[in-house]
Amino acid sequence: MNGLLPVAHEMSERPPGFVAPNLSPSGLRLEPRELAEGVHALMADQVPKDNNGLIVGRDAALVVDAGITPAVGRQIRRLAADLTGKPVRYLVNTTYHGDHTFGNTAFDEDVTLFSSRLNKAAMTDLAAEKRLRAESMYGDDSLDTVLEWRKPDVVFDRFCEIDLGGRVVHLWHLGPGNGPGDTVVHVPDAKVAFTGNFVLPYGVTPMMLIGDPVGYARSLRTMRALLDVETLVPGHGFLGPAEPGISAWISYLENLAAAVDRGLRAGTPVEALYEELPMWGIEPVPGAPEQYRALVRSLHRMNILLTYRWFAGRPAEAA
């Protein structure tokens, strides 16, 4: 790609009554779960706040995502120090979104920061990114502590391998998804993937912020074909198996694209589609709190709206 592809912009429109995910770091505690020797999911104790990851090899350790503020980044560093005596040498951002990247500045310059080329290309306007994430802060002013945006040191277009000593970690950009440059962190020997916003285990709809369900489904099909994965560590929400999660999202996105396209061609208002279109079998995980269920329903409506806008904005010959 060599940086020639344009960056797809996040759509900022939201449906009436949209429930933004609460990502405030207030009271957040990250709880480690060891999925294989040296492979730790750092799970937020308050869903759907951000999860993180730590992967340890013989010589070095790698952290997945840095949190929404420098203070959260420092919490991740302390937790990594408690879990391993190996130095953290690498940090990977799965997306450019501030809740995953504003904590980058908590990591010293001897920690090399990796992400996809498209993620770095989207990290241009700190003030605008803070405004976009403010809807998820619910009055918390912690973003005032974010004064700079550390960007990736190393970028890749499709694939990158990092050797931690006796363990390799694969970084993949599989195509557009939640954002333009979603990066999946795959640990082949553990069959674990840290997926950020790209795909979550079954029980929640996608958050399709660039509005392209067709490209998103294609990217997920590529992941299913290429990566040997049993466990997904999502950027938000609950741990879970890769299947039926990946396949459920492919089915959801393909059904969404077809239904919204039909509705638009028939002249159906988007407000009517909110009421008509089901979630095609996706239901919140059993026992999930009502706030989480409301979020899932709200994300579905947002996906309908952004897909409607995406189809309406395409050139006629591309329809």
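This text follows the structure it describes.
Because the structure is predicted, anything quoted here is derived from the model rather than measured.

Enquirer: Any chance you could explain helix α4 (residues 126–134) here in plain terms?
Expert: Three- or four-residue spacings in an α-helix give side chains the same orientation, since the helix completes a turn every 3.6 residues. When α4 is considered as a whole, its buried residues turn out to be L126, E129 and R133. When α4 is viewed along its axis, its buried side chains cluster within an angular range of 65° and face the same direction. In this structure, the buried residues of α4 make contact with α2 (98–101).

Enquirer: How do you make sense of the sheet that holds strand β11 (residues 192–196) when you look at a structure like this?
Expert: Strands sit in the order β8-β9-β10-β11-β12-β13 across an open sheet of 6 strands; the sheet is mixed. Strand pairing shows two members of the sheet lacking a second neighbour, β8 (159–163) and β13 (240–241), which therefore form its edges. Pairing of strand β9 (residues 168–172) with strand β10 (residues 184–187), which is carried by 3 bridges, proceeds in the antiparallel orientation. Counted as the bridge partner of L171 is V185 from β10.

Enquirer: Hey, could you run me through empty space enclosed by the protein in this one?
Expert: Over the atoms a probe the size of a water molecule is rolled, and this reveals where empty space is left. Tallied over the full model, the rule gives 4 cavities of 30 Å³ or more. Taken as a whole, the largest cavity holds about 320 Å³ of empty space. Elements represented by at least two residues in the lining of the largest cavity include exactly α4 and α8 (290–313). Of the residues forming the lining of the largest cavity, the biggest block, 3 residues, is contributed by α8. When grouped by side-chain class, the residues that make up the lining of the largest cavity number 13 nonpolar, 7 polar and 3 charged. Approximately 60 Å³ is the volume attributed to the second largest cavity. Contributing to the lining of the second largest cavity are V19, A20, P21, N22, V47, P48, Q291, Y292 and L295.

Criteria and cut-off values
- Residues numbered from 1 in each chain as written.
- Predicted model: local features only at pLDDT ≥ 70, side-chain atom pairs only at ≥ 80, totals over all residues.
- Heavy atoms only, no water.
- Buried < 20%, exposed > 50% of the residue type's maximum accessible area, 1.4 Å probe, protein only.
- Helix = DSSP H or I, 4+ residues; strand = E, 2+ residues; numbered from the N terminus.
- Arc of directions from axis to C-beta.
- Contact = heavy atoms within 4.5 Å.
- Pairing = 2+ DSSP bridges.
- 1 Å grid on protein atoms, 1.4 Å probe; cavity = no way out; pocket = protein on both sides within 12 Å on 5 of 7 lines; lining within 4 Å.
- Points joined across faces, edges and corners; volume = space filled by probe spheres on them.
- Nonpolar A, V, L, I, M, F, W, Y, C, P; charged D, E, K, R; others polar.

Structural measurements only, silent on function.
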